[in-house]
Amino acid sequence: MNKRLSLTTFTHNLLEKKLTEGDFVIDATVGNGHDTLFLANQVGRLGNVFGFDVQQQAISSTQLQLKQNQFENFCLFHASHSEMDIHIPKQQHGKIKLIMFNLGYLPGSDKTIITQANTTLIALKKSIVLLVSNGVLTVTAYPGHSGGDVETEQVKLWCAQLDPLLYTFEQIKSSEKITAPRLFIIKKKI
Ligand code: SAH
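Predicted model only: the values in this text are computed from it and were never measured.

Colleague: Sorry if this is basic, but what is going on with the layout of surface pockets here?
Modeller: It is a probe the size of a water molecule, rolled over the atoms, that shows where empty space is left. As a volume, the largest pocket reaches approximately 570 Å³. Forming the walls of the largest pocket are 30 residues, and the residues nearest its centre are Thr29, Gly31, Asn102, Tyr105 and Leu106. Where the lining of the largest pocket is concerned, the elements lending two or more residues are α1 (3-18), α2 (34-43) and β2 (48-53). The greatest single-element share of the lining of the largest pocket, amounting to 3 residues, is contributed by α1. A class-by-class count of the residues in the lining of the largest pocket yields 12 nonpolar, 15 polar and 3 charged.

Structure follows, in structure tokens:
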């Protein structure tokens, strides 16, 4: 079984129930654009998807796919997600319904360009400020590649120290294997 794909499908199924037309959402790791297209479809004409990636290629190809599919409800930034607060319009701060991270490297691309624990943590801290109450943060992490193990552990520790009065946190593992991809789901209560 392709673990990356199955956890992605699981995440999409979960988010389909949480998102409604008109929502404002962020894809923090655009990559091949699968999540970006999924989100654009969910939030519809009245909503908007903000996307980030450090690879111009990822931004350009996703922009093309979105346009080919007649979407206009998006705004992509060739920038690190650790700078998301600078790029997201001020009037949207505290109003974002969902922020999605899919960590690691882009499948079928340059495997040396991977998300880094330090910038990921900066971005996560900024994310919870941008969320609306009842907003959701999802992080798919891959401990199976070099660097991904440390990053996954850091994300887990960060989730665990969140104030339980303000946030709920759960972790879903695609299998019990130590290297199995996992999904962290954080919900902002108030
Ligand atoms: N969601 C994507 C897969 C993402 S793979 C899909 O559906 O295809 C991880 C992506 O994160 C890669 O494209 C990589 O370029 C990007 N990335 C790495 N570091 C980043 C950073 N600091 N900010 C934003 N994107 C980053």
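Colleague: Looking at this structure, I do not really get a nonpolar patch on the surface. What am I missing?
Modeller: A cluster of nonpolar residues, Leu165, Leu166 and Ile190, forms a patch on the protein surface that exposes about 320 Å² of accessible area. In this fold, Leu166 is placed in the loop between α6 (148-160) and β6 (167-173). Assessed through its relative accessible area of 32%, Leu166 is described here as partly exposed.

Colleague: Just to check I follow, could you spell out the site of the ligand for this structure?
Modeller: Lining the immediate environment of the ligand, one finds 21 residues, of which Thr29, Asp35, Asp53, Gln55 and His81 sit closest. One of the backbone N or O atoms of His34 is found 3.5 Å from an oxygen atom in the ligand. A distance of 2.8 Å is found between an oxygen atom of the ligand and a side-chain nitrogen or oxygen belonging to Gln55. Burial of the ligand by the protein chains amounts to 96% of its free accessible area of 590 Å². A molecule is said to occupy a pocket when more than half its atoms come within 2 Å of that pocket's grid points, and by this definition the ligand occupies the largest pocket. Contributions of two or more residues to the shell around the ligand are made by α2 and β2. Residues that form the shell around the ligand fall into these classes: 8 nonpolar, 11 polar and 2 charged.

Colleague: Is there a simple way to explain the pattern of salt bridges in this structure?
Modeller: Pairing between side chains becomes possible if they bear opposite charge and their charged atoms approach one another. The tally for this structure, following the rule as stated, stands at 2 salt bridges. Measuring nitrogen to oxygen at the nearest pair gives 3.3 Å for the salt bridge that ties Asp23 to Lys97. Within this pair, whereas Asp23 is found in the loop between α1 and β1 (24-27), its partner Lys97 is found in strand β4 (residues 96-102), the two being separated by 74 residues in sequence. Residue Lys97 is classed as partly exposed on the basis of its relative accessible area of 22%. Notably, a salt bridge pairs Lys126 with Asp85, separated by 2.9 Å at the nearest N-O pair. Of this pair, Lys126 sits in helix α5 (residues 117-130) while Asp85 sits in helix α4 (residues 84-87), and the two are 41 residues apart along the sequence.

Colleague: Would you mind showing me how to read empty space enclosed by the protein here?
Modeller: Per the counting criterion, the structure on display carries 1 cavity of 30 Å³ or more. The volume enclosed by the largest cavity comes to roughly 30 Å³. Contributing elements (two or more residues each) for the lining of the largest cavity: α1 and β4. It is β4 that provides the largest number of residues to the lining of the largest cavity, a total of 3 residues. Here the residues of the lining of the largest cavity are counted per class, giving 2 nonpolar, 4 polar and 1 charged.

Rules used in this analysis
Residues numbered from 1 in each chain as written. Predicted model: local features only at pLDDT ≥ 70, side-chain atom pairs only at ≥ 80, totals over all residues. Heavy atoms only, no water. 1 Å grid on protein atoms, 1.4 Å probe; cavity = no way out; pocket = protein on both sides within 12 Å on 5 of 7 lines; lining within 4 Å. Points joined across faces, edges and corners; volume = space filled by probe spheres on them. Helix = DSSP H or I, 4+ residues; strand = E, 2+ residues; numbered from the N terminus. Nonpolar A, V, L, I, M, F, W, Y, C, P; charged D, E, K, R; others polar. Patch = residues over 30% accessible without salt bridge, like charges linked within 9 Å, V, L, I, M, F, W, Y side chains within 5 Å. Areas by Shrake-Rupley, 256 points an atom, 1.4 Å probe, with all protein chains shown as cover. Salt bridge = Lys/Arg side-chain N within 4 Å of Asp/Glu carboxyl O. Buried < 20%, exposed > 50% of the residue type's maximum accessible area, 1.4 Å probe, protein only. Near = heavy atom within 4 Å. Polar contact = N/O pair within 3.5 Å; in protein donor to acceptor, adjacent residues only side chain to side chain. Sits in = over half its atoms within 2 Å of the grid points.

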